[in-house]
Amino acid sequence: MAVAERVSERVERLRAALEEPLLVTTGVNVQYLIGFQSSNAAVYVDDDRLLLFTDYRYAEAARGLVGVEFVQSQRSLLKTVGETLDGRVAFEASAVTYDGWETLGDAGLELVPRKGLVETLRAIKDESELKTIREAARITDEAYAAFAEERFVGRTERDLAWRLEQIFHELGAHGTAFESIVGSGPTGALPHGRPTDRVVEPNTTVVVDTGAVLEGYNSDCTRTFATGELPDDLAQAYHACLRGQLAGLDAMRAGVSGADADAAARNVIEDAGYGEKFGHGLGHGVGLLVHEAPAARPESEDVLEPGNVITCEPGIYLEGRGGVRIEDLVVITEGEPEILSTYTKELVTVR
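These figures come from a predicted structure and were not determined experimentally.

K.L.:
What exactly am I supposed to notice about the pairing of strand 16 (residues 315-318) here?
P.N.:
The side chains of a regular strand alternate, first on one face of the sheet and then on the other. What you see with strand 16 is no split at all: G315 and Y317 on one side and I316 and L318 on the other are buried throughout. Both strand 16 and strand 17 (residues 322-325) contribute to a ladder of four bridges, which runs antiparallel. When the bridges of strand 17 are listed, I316 appears paired with V324. With antiparallel pairing between neighbouring strands as the criterion, strand 16 and strand 17 make up a hairpin whose turn holds three residues, including G320 at a positive phi of roughly 75°.

Structure follows, in structure tokens:
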């Protein structure tokens with residue numbers, strides 16, 4: 001699909017959902033709608049117009065967009081927006097600050113807060129998006145295979161994380177989706193523990209959570225490695241986590257709520273005696289952002305739909321001992337889930 005055609009299709013889908021014109025100020029939503037990346041931009045969408053507000057620094061790129069009317073703005077972007085627009089205008093309630101709301105209101109606009117309009121569109125990936133995410137996941141699988149050949153014991157978590165980033169670049173990724181997590185022993189017992197100068201020891205777990213960026217889209221995958229024979233508590237936690245993860249994957253189908261998918265994995269882990277050690281949700285959407293809709297967690301009201309890309313990542317965290325997390329990236333389809341993460345989930349022992 002050509003860029004102009006993709007922009008038109010996305011904008012028309014948004015227009016169909018609007019009750020009044022919408023001012024889009026979230027950067028990733030601007031990027032999704034018109035393919036424009038900027039630290040200072042807003043898009044206005046009504047029945048007939050598609051306006052891009054941005055300042056001089058981005059003017060040349062803005063003028064090159066097809067089907068978008070460029071309004072060169074001052075750095076205080078919302079002042080120009082207020083001077084240009086009139087009447088009733090919806091705004092992204094989660095993005096506009098109180099100060100921004102005052103600026104628009106003082107200009108005489110009748111402001112209507114709206115939530116999730118563009119995010120709902122972003123949650124359903126089109127085929128071009130899925131193609132890119134599949135390739136990012138494939139690169140991530142290759143990175144895990146290469147990383148497992150590295151020596152772990154005796155190196156710091158920070159050193160290993162840096163080596164993992166190098167591997168991604170060697171494999172053609174445009175970057176890593178986030179700061180890679182390499183957590184050995186007690187560090188791995190922190191769900192989002194950052195790499196430290198801790199030296200990896202033998203006979204423990206190492207939680208590795210990473211992903212590739214490709215053409216702006218992210219992948220996300222976690223595997224847990226062993227650095228030798230594991231003590232019983234960590235070995236048992238690994239196998240319980242894997243059983244829960246497989247149950248969660250099987251539940252990730254169109255029409256299933258995020259809460260029910262979470263429960264499928266959580267019930268297995270609770271039955272194994274680790275319920276209190278699994279304290280986060282089962283999964284989150286992935287796309288232009290690493291964390292986006294839909295969500296699979298106990299309080300989620302989301303219902304899975306074909307085209308969703310979501311993680312399945314239960315974890316078990318034994319304080320002061322070690323952690324286990326196993327994460328796949330999944331595409332929701334009309335039938336069985338398409339599992340993009342193919343690197344083995346059998347417990348791999350590294351040296």
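K.L.:
Looking at this model, I keep getting lost on the environment of R243. Mind explaining?
P.N.:
Within the secondary structure, R243 sits in helix 9 (residues 232-251). Along the sequence, R243 and V268 sit 25 residues apart, while their C-alpha atoms lie 6.9 Å from each other. Leave out the neighbours within four places in its chain, and R243 touches V268 and A272.

K.L.:
Which parts of the structure should I look at to understand helix 1 (residues 3-17)?
P.N.:
Three- or four-residue spacings in an α-helix give side chains the same orientation, since the helix completes a turn every 3.6 residues. With 15 residues, helix 1 should reach 21 Å at 1.5 Å per residue; the first-to-last C-alpha distance of 22 Å fits that figure. V7, R10, V11, L14 and R15 are the residues of helix 1 that are buried. Relative to the axis of helix 1, the buried residues are bounded by an arc of 140° and lie together on one face.

K.L.:
It is not clear to me how the environment of E201 should be interpreted in this structure. Could you clarify?
P.N.:
With respect to the element layout, E201 can be found in the loop between strand 8 (181-184) and strand 9 (205-210). Since its relative accessible area comes to 51%, E201 is described here as exposed. Sequence separation between E201 and T349 is 148 residues, and the spatial gap between their C-alpha atoms is 13 Å. Here E201 is in contact with V153 and T227, once residues within four sequence places are set aside.

K.L.:
Explain the pattern of salt bridges here, please?
P.N.:
Where side chains of opposite charge bring their charged atoms close, a pairing between them can arise. Scanning the entire structure with this criterion turns up 30 salt bridges. In this structure, R10 and E129 form a salt bridge, with 3.7 Å as the shortest nitrogen-oxygen distance. A residue pair is termed long-range when its members are at least 10 positions apart, and R10 in helix 1 and E129 in helix 7 (residues 127-147) qualify at 119 residues. On the basis of relative accessible area, R10 is assigned to the buried category, the value being 5%. You can call E129 buried: its relative accessible area is 2%. Of the charged contacts in the structure, one is a salt bridge between R163 and E170, with a shortest N-O distance of 3.1 Å. For E170, a relative accessible area of 57% corresponds to the exposed category.

Calculation rules
Residues numbered from 1 in each chain as written. Predicted model: local features only at pLDDT ≥ 70, side-chain atom pairs only at ≥ 80, totals over all residues. Heavy atoms only, no water. Buried < 20%, exposed > 50% of the residue type's maximum accessible area, 1.4 Å probe, protein only. Helix = DSSP H or I, 4+ residues; strand = E, 2+ residues; numbered from the N terminus. Pairing = 2+ DSSP bridges. Contact = heavy atoms within 4.5 Å. Expected span 1.5 Å × (residues − 1). Arc of directions from axis to C-beta. Salt bridge = Lys/Arg side-chain N within 4 Å of Asp/Glu carboxyl O.

Everything listed here is a matter of coordinates, which is why it stays silent on function.
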